[in-house]
Amino acid sequence: MDTLLFSLLNGVIYGLLLFMVSAGLTLVFGMMGVLNFAHASFYMLGAYFAYTLQGVLGFGAAVVLATLLAGGVGAVVERFFLRRVHHHGHAHELLLTFGLSFIVAEAIKLLFGNFPVNYQVPAALDVSAFSLGGQQYPLYRLLMGGVALAMFALLYLLLTRTRVGIIVRSAIYRPRMVEALGHNVQFVFMGVFGVGAALAGLAGAIAGAFYTTSPNMALEIGVMVFVVVVVGGLGSLAGAMLASLLIGLLTSLAVGIDRSLADLLGLVGAQAWAEGVGGLLTLKLSSLASTLPFALMLLVLLLRPQGLLGDKS
């Protein structure tokens, strides 16, 4: 029972981390129609910015400044690169951001080396939140989950309850009308892209201290973020949250269960036969944990191509 509870907690926290990264991508696509292949690179930049600044400013200030720096880099990318190819369509945007992701990764390797850096949780936060079954659960994991929930609440309120959110959403569907009302649509787009990059940077700055900060971290989480966006529905913030939690729980429970079909057949007395056959019958569920999210994506695309909470149009 304790193992199941820990698996559920870990799954929820991992899902919330996925949401922190995917929220910016969802926001950018939903508002601008840009599928940013380099989005996970801003996640990595946030981690490395925070790592660099931590020794000078302290952990809290480093996280805040790293978030702002990642957002600033995102705004520059939109203003001087994406804006020039936006009218050519999605193919050019994908190629541009794909190339940008490689440039960022190689720049990180040149500056910090091709190995993980020593970015760690500060001692004040590296404590146990509670004990369950003799195991200690880290407080920092709960902190990451709390930040993700706060991010979701703030984004939802910003987009649905404020004048800024109305302007941003209107700039997509009625750009000429928004311009006629005196708003700079290009500036709005740059701001949206910058905010999306900042959200990814915040996720990296926080998660990088708990997980590994290395030049491969963008590649490791980048593919999963796209799975989240597709499963949840392109442009749907609530869908991204739902998909993130589903994938987090699915992955964590698969690792925690660690059973095979042979174990299941043991309930009817056929375990020895299944183990003799071998192959798929003895394959542990934990060994498939990394592929289950992709199986979920395939299932969703077959049954509901627009995603769980995506717009049918």
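So, here's what we can say about the structure. None of the values given here were measured: they were computed from a predicted structure.

## Section: the overall build of the protein
Then, in step 1: Within the protein one finds 13 helices and two strands.
Then, in step 2: A compact globule built from 313 residues would reach a C-alpha radius of gyration of about 20 Å, and the protein, at 21 Å, matches this within 12%.
Then, in step 3: C-alpha atoms of the protein, sized along the principal axes, occupy 75 × 50 × 40 Å.
Then, in step 4: Considering only contacts within the protein whose residues lie at least 6 apart along the sequence, 75% involve residues at least 24 apart.
Then, in step 5: Working note: accessible area of the protein is about 15,700 Å², and carbon and sulfur atoms make up 70% of it.
Then, in step 6: Both charge centroids of the protein, one from 14 positive and one from 11 negative side chains, sit 15 Å from each other.

## Topic: the environment of Ala289
Then, in step 1: Secondary-structure assignment places Ala289 in the loop between α12 (271–277) and α13 (292–303).
Then, in step 2: Given the relative accessible area of 6%, Ala289 is considered buried.
Then, in step 3: As a C-alpha pair, Ala289 and Pro138 span 151 residues in sequence and 23 Å in three-dimensional space.
Then, in step 4: Excluding its chain neighbours within four sequence positions, the residues that come into contact with Ala289 are Thr251, Ala254 and Val255.

## A short note on helix α4 (residues 90–112)
Then, in step 1: Helix length check: α4, at 23 residues, gives a terminal C-alpha distance of 33 Å against a target of 33 Å (1.5 Å per residue), a fit within 8%.
Then, in step 2: Taken together, the buried positions of α4 are Glu93, Thr97, Ser101, Val104, Ala105 and Ile108.
Then, in step 3: Along its buried surface, α4 packs onto α2 (39–57) and α3 (59–85).
Then, in step 4: One or two steps after α4, the chain reaches Gly113, where phi turns positive at roughly 90 degrees.

## A few points about the side chain of Ser236
Then, in step 1: Secondary-structure assignment places Ser236 in the loop between α9 (217–232) and α10 (237–257).
Then, in step 2: A polar side-chain atom of Ser236 sits 2.9 Å from the main-chain amide nitrogen of Gly239.
Then, in step 3: Once residues lying within four places of it in the same chain are set aside, the contact partners of Ser236 are Thr26 and Leu309.

## Observations concerning a nonpolar patch on the surface
Then, in step 1: On the surface, Val56, Leu57, Val64, Leu65, Leu68 and Leu69 cluster together into a nonpolar patch covering about 540 Å² of accessible area.
Then, in step 2: Secondary-structure elements contributing two or more residues to the nonpolar patch are α2 and α3.
Then, in step 3: At four residues, the largest contribution of residues to the nonpolar patch is made by α3.
Then, in step 4: Here Val64 shows up in helix α3.

Conventions used here
Residues numbered from 1 in each chain as written. Predicted model: local features only at pLDDT ≥ 70, side-chain atom pairs only at ≥ 80, totals over all residues. Heavy atoms only, no water. Helix = DSSP H or I, 4+ residues; strand = E, 2+ residues; numbered from the N terminus. Rg over C-alpha atoms; globule rule 2.2 N^0.38 Å. Contact = heavy atoms within 4.5 Å. Areas by Shrake-Rupley, 256 points an atom, 1.4 Å probe, with all protein chains shown as cover. Lys, Arg positive; Asp, Glu negative; His and termini not counted. Charge placed at Lys NZ, Arg CZ, Asp CG, Glu CD. Buried < 20%, exposed > 50% of the residue type's maximum accessible area, 1.4 Å probe, protein only. Expected span 1.5 Å × (residues − 1). Polar contact = N/O pair within 3.5 Å; in protein donor to acceptor, adjacent residues only side chain to side chain. Patch = residues over 30% accessible without salt bridge, like charges linked within 9 Å, V, L, I, M, F, W, Y side chains within 5 Å. Salt bridge = Lys/Arg side-chain N within 4 Å of Asp/Glu carboxyl O.

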